Amino acid sequence: MALPKRLQSALLFTHLIFYTIRHYLTIVRRSLTASLSHLFTSAPKTPVDPSEIQNVVVVGAAFAGYFAARILATTLPRDGRWRVVVVEPNSHFNFTWVLPRFSVLEGHEHKAFIPYVPEFFGDKVPAGMVQWVRERVVRVERESVVLRSGVEIPYKYLIVATGSTVRNGLPSRPGGEGREEGMELMRGLQQRIKAAKSIVVAGGGAAGVEIASDAKHVFPEKKVTLVHSRQAVMHRFGPGLQTGAMEAMQRLGAEVVLGEKVVSEGEGFVTLSSGGKVECDCFINCTGQKPASDLVADVAPNAIAPSGHIRVKPTMQIADDALPNVYVCGEVAETDASNPNSRIAARQAEVAADNVVRLARGKTPCYKYKNRFGDGAIKLTLGLDRSMVHFWNGKAEMSWHGEETDPAMMCDEAWTNIQAEPFDDTGVFRGQLADPRDLGAGGGEGGGNGVIECTTY
Ligand SMILES: Cc1cc2nc3c(=O)[nH]c(=O)nc-3n(C[C@H](O)[C@H](O)[C@H](O)COP(=O)(O)OP(=O)(O)OC[C@H]3O[C@@H](n4cnc5c(N)ncnc54)[C@H](O)[C@@H]3O)c2cc1C
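These lines cover the structure that appears in this document, whether it is placed above or below. These numbers were taken from a predicted model, which means no experiment stands behind them. Within each chain, residues carry numbers counting from 1 in the order of the written sequence. Note on the predicted model: pLDDT of at least 70 is required for a residue's local features to be given, and 80 or more for side-chain atom pairs to be given and counted; whole-chain, interface and lining totals, by contrast, use all residues.

A look at the packing of helix H5 (residues 206-218) against helix H6 (residues 239-252)
Throughout, an axis means a line fitted to C-alpha atoms (over the contacting stretch in the case of helices), and angles, computed between N-to-C directions, take values from 0 to 180 degrees. The way it works is that DSSP assigns letters per residue, a run of H or I at least four long becomes a helix, a run of E at least two long becomes a strand, and they are numbered from the N terminus. Put simply, H5 and H6 touch, their axes get as near as 9 Å, and they point 20 degrees apart. Relative to H6, H5 is oriented roughly parallel. Here H5 and H6 pass one another in a crossing that is left-handed. Between H5 and H6, the residues in contact are Val209, Ala212, Ser213, Lys216 and His217 and Ala245, Ala248, Met249 and Leu252, respectively. For the contact of H5 with H6, a count of residues per class yields six nonpolar, two polar and one charged. Oblique is the label for any angle not covered by the other classes, which are roughly parallel (under 35 degrees), roughly antiparallel (over 145) and roughly perpendicular (65 to 115). Here a crossing is taken to be left-handed if its near helix is turned anticlockwise relative to the far helix by less than a right angle, and right-handed if that turn runs clockwise. What counts as a contact is two residues whose backbone-derived C-beta atoms lie within 7 Å of each other. In this count, Pro and Cys sit with the nonpolar residues alongside Ala, Val, Leu, Ile, Met, Phe, Trp and Tyr, while Asp, Glu, Lys and Arg are called charged and the others, Gly among them, polar.

A few points about the environment of valine 256
Mapped onto the elements, valine 256 comes out in strand E13 (residues 255-258). Three exposure classes are used, all based on how many other C-beta atoms lie within 10 Å of a residue's own C-beta (placed from the backbone): buried at 20 or more, exposed at 12 or fewer, and partly exposed between those limits. Exposure remark for valine 256: the 19 C-beta atoms within 10 Å place this residue in the partly exposed category. Through-space distance from the C-alpha of valine 256 to that of leucine 226 is 4.7 Å; in sequence the pair is 30 residues apart. With sequence-adjacent residues up to four places away left out, valine 256 is seen in contact with Leu226, Val233, Met246 and Met249.

Description of the environment of lysine 45
Structurally, lysine 45 is set in the loop between helix H1 (5-40) and strand E1 (54-59). On a C-alpha basis, the gap between lysine 45 and threonine 364 in space is 29 Å, while along the polypeptide they are 319 residues apart.

Looking at the pairing of strand E7 (residues 144-147)
The rule for pairing is simple: two strands pair if DSSP sees at least two bridges between them. In terms of strand pairing, strand E6 (residues 137-140) meets E7 through three bridges, oriented antiparallel. The residue of E7 that forms the bridge with valine 137 is leucine 147. Taking the residues between adjacent antiparallel strands as the criterion, E6 and E7 are bridged by three residues. Of the strand pairs in this sheet, E7 and strand E8 (residues 152-154) are connected by three bridges, and their pairing is antiparallel. Counterpart to valine 145 in the pairing with E8 is isoleucine 153.

Comments concerning the sheet that holds E8
Within the open sheet, the three strands sit side by side as E6-E7-E8. Their pairing is antiparallel. Among the strands making up the open sheet, the edge pair consists of E6 and E8. Going across the sheet, the axis of each strand differs from the next one's by a mean of 25 degrees, ignoring polarity.

Below is the structure:
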């Protein structure tokens, strides 16, 4: 028997309170673990033989990998025998949440690129324990990762946190690895939107709805059409959000075409799957996000799901018994989370990193990820001055509308949360350059053909 709506909402609210309490308890547990680790272990008095140092390699430094690296750096044994190696091709932490907004609104581009700063790891991490490699991993092997340059970095434990990629770049990802390039691409899209008369946005998920509503809000005189292949925008969420988003598009005067795909772009128009044409001199594609799982395709082909995600066990170990030391977290992992987001990525990172720390301490992995109701919460902007917050557990939902006053979407808080001073950035990575061969890299020989920048915090 279905529960009355009010009772369902009351239950959701109770879940939300427990979710919040559990979240804070986890923070307290981790903080205690870190403090105890600092209390009972001290840095070695004599230097450890380099051959005894083991790498925990983290591939990707965004919501999953960056947070996993911090947990590792603060809670791995401080006996000098562990090193956290972060491999990330981007010059900056790409703050995805603001990309649709800053692809429309001029003058904020730099705020989407948060510098990676040593302060993120805190001052208790032994010098040199975190090594930063600005590179891309092209292949995972059983005991090492292979960089684009051909250099190999051996690992004892590996955390894959490579998230998603998109073919079309903005507004879902910047489309380049450097801050300057990303800002330039963003300015390019702003100018295309500004110059257009008829904008077509494909994809009625969060990125599509946000950029379409912002474009129509900022340029009410332009024709904005959102094309979505399903029968409702935001179809993976509850009916309340679907209706709220649709009403917002109508209020702003944007057109929504449902049950259609954009199949091709022509001169001044796009063609839909039904054969219909929509006037268009600026096409923005918000479809085609894919899990970045290629790097494990050779070593663990059976762990790649048809969706392209990497299958994992509840401990976040890759679902391949031959690779017990490989963990996967964030958007690239296949879990029961129906709507991935940054919070889920960070929670999975905690599970993966905590389990690796247990292994490093000679224990068995015991932490497990389970999707919880609060994980799927979303805040969707609907033009510059409104938003909707929505909770949905697949059966019942809770949502409310909000007024927004900050066009920069309070992204200064994101900077502060990852210990960067908003919006203070020279664009240059802070840290010391290190020799990649210090990481036990095989095939070094000057680093092959690619460029390797390796930094020690
Ligand atoms: C437009 C947009 C708006 C969003 N808004 C919100 C929001 O408001 N709230 C929210 O909670 N979530 C939001 N999300 C979702 C959120 O961005 C993702 O869930 C989150 O980024 C997933 O984090 P991740 O670390 O798993 O992956 P990603 O953020 O995709 O990061 C993966 C990292 O791995 C690196 N990488 C990839 N391949 C390699 C490789 N081979 N070698 C080395 N490094 C590699 C990448 O450079 C990147 O830094 C939004 C997403 C988009 C696209």
